[in-house]
Amino acid sequence: MNTPNKNILLAVTGSIAAYKSLYLVRSLIKSGFDVKVVMTQSATDFVSKLSFSTLSNNDVYSDITSESEWNNHVELGLWADLMIVAPATANTLAKMAHGLSDNMVMACYLSAKCPVYFAPAMDRDMWLHPSTQHNIKLLQSYGNIMIDPENGALASGLIGVGRMAEPEHIVDKITSDLKVTQDLAGKNIMITAGPTQEALDPVRFIGNRSTGKMGIALALATANRGAHVTLILGPTYLSVDHPSITTVAVQSAHDMYEASVAAFANADIAIMAAAVADYTPNVVAKQKIKKKSDNLIVELVRSKDIAATLGKTKKDKQLLIGFALESENEVANAKSKIQRKNFDFIVLNSLQDKGAGFQHDTNKVTIIHKDNKMTSYELKSKDKVAQDITEEIVQIIDKT
Ligand code: CTP
């Protein structure tokens, strides 16, 4: 079982460490979890509900009722595969230990059927107090799992134990406890992503609107399942930081071609998610082009087709996966690309679908295999689409 489709309920309580939980939400989502957030009233004094709802893409509740509606904490408790209280204040730990239910966080905690984690955050002396230590022992005796607080500077100015664990430590612990299958361990994957820029002169270029989001999401999805990823990334404001992802930054279609051919030699799988310029200026002016006449005609020549080149040299055990962004005759065009470029499967997005393609956080895709097997997916976040594509890859590998 993998992280996809695992639901995490994050309960934020009133501590200065609440700001760290914003990073926690982001990292959990990047790791492929669905995240919903509940907060205590005092947590909302530190960080707004809006920040959490924006990052988690879900409504955030801090009251058992809102505007005459009852917020269903039982449903949230059942929805969660794992609940984490982070930061967990001394006050909330005491309530959890003794079963008090005077707010949304406590109602969810008492309704949760899943494993519950807590990441304490408090001042050193509060942490060391026998009542806090006793409450922690009680919580552990109920099977709740503590993510140990860390040593360092505290909001009070004291130095000692009491800082909430860093978000990446929390994510590591959750991911390994949920036993993310490393079913791509030992696989080398190369991914092209983002746009290319074709220089006209030292300051101008021909480009496109790709951001590289889809390719980066794929790099993370496959790296999280154990692959080593070489991400060949065109110019974009986005970047990725993961120990198993090596980013090769490129500019032009030609740079991307050279980096891809080199990486493909050692790759088990290549995913061609980049929006590569099909044409490039025949001549790049050495100096900035000055305006002279009313018209400027630039001669463009075909750039090399990277996917088709890899398709020609592809060995039987290598997988080659393409993308197609189409505006008409989508399926027929995508199928002809499978043939022309020797893809094992192609991920088709249609420009006709709202929320799909460039500059969206979402995508709606149809995966078409070389044997014509076809699966259409709902509109979903690019992170989720990346997981669907990764799942297709794993299934092919499992069969071979
Ligand atoms: N591709 C590539 N190198 C190129 C052009 C495209 O590797 N020079 C890859 C893309 O990354 C994508 C697939 O080929 O995975 C299809 O790209 P697309 O631009 O849709 O196809 P084209 O062959 O360029 O066809 P057309 O422009 O006629 O739709």
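To be clear, the structure that these remarks concern was listed above.
The paragraphs below set out a description of the structure included in this document. Worth saying up front: this structure is predicted, and the values here are computed from it rather than measured.

Taken together, 13 residues are adjacent to the ligand, and Met-272, Ala-274, Phe-323, Lys-337 and Lys-341 come closest. Interatomic distance of 3.1 Å between a side-chain N/O atom of Asp-278 and an oxygen atom of the ligand. Side-chain polar atom of Lys-337 to an oxygen atom of the ligand: 2.7 Å apart, as the coordinates give it. Using a 2 Å cut-off from the grid points, one finds that the ligand occupies the second largest pocket. The greatest single-element share of the shell around the ligand, amounting to 3 residues, is contributed by helix H13 (residues 330-341).

Cis rather than trans, the peptide bond between Ala-86 and Pro-87 has omega equal to 0°. Along the chain, the position of Pro-87 falls in strand S6 (residues 82-88). In this model, Asn-57 sits at a positive phi of 65°, which is unusual for a non-glycine residue. When you line up the elements, Asn-57 lands in the loop between helix H3 (49-56) and strand S3 (60-61). Overall, the relative accessible area of 68% leaves Asn-57 in the exposed class. For Asn-342, which is not a glycine, the phi torsion comes out positive at approximately 60°. Structurally, Asn-342 can be placed in the loop between H13 and strand S20 (345-350).

Another aspect to go through is helix H8 (residues 130-141). Over its 12 residues, H8 runs 16 Å from end to end, which matches the ideal 16 Å to within 8%, given 1.5 Å per residue. Turning to H8, its buried residues number three or more, namely Thr-132, Asn-135, Ile-136 and Leu-139. Buried residues of H8, viewed axially, fall in a sector of 100°; they line one side. More than 90 degrees from the buried face of H8, the exposed residues found are Pro-130, Lys-137 and Ser-141. Considering only its buried residues, H8 is in contact with helix H5 (90-98), helix H6 (104-111), strand S7 (116-120), helix H7 (124-128) and strand S8 (145-146). Just downstream of H8 lies Gly-143, where phi reads positive at about 95°.

Cut-offs used in this document
- Residues numbered from 1 in each chain as written.
- Predicted model: local features only at pLDDT ≥ 70, side-chain atom pairs only at ≥ 80, totals over all residues.
- Heavy atoms only, no water.
- Near = heavy atom within 4 Å.
- Polar contact = N/O pair within 3.5 Å; in protein donor to acceptor, adjacent residues only side chain to side chain.
- 1 Å grid on protein atoms, 1.4 Å probe; cavity = no way out; pocket = protein on both sides within 12 Å on 5 of 7 lines; lining within 4 Å.
- Sits in = over half its atoms within 2 Å of the grid points.
- Helix = DSSP H or I, 4+ residues; strand = E, 2+ residues; numbered from the N terminus.
- Buried < 20%, exposed > 50% of the residue type's maximum accessible area, 1.4 Å probe, protein only.
- Expected span 1.5 Å × (residues − 1).
- Arc of directions from axis to C-beta.
- Contact = heavy atoms within 4.5 Å.

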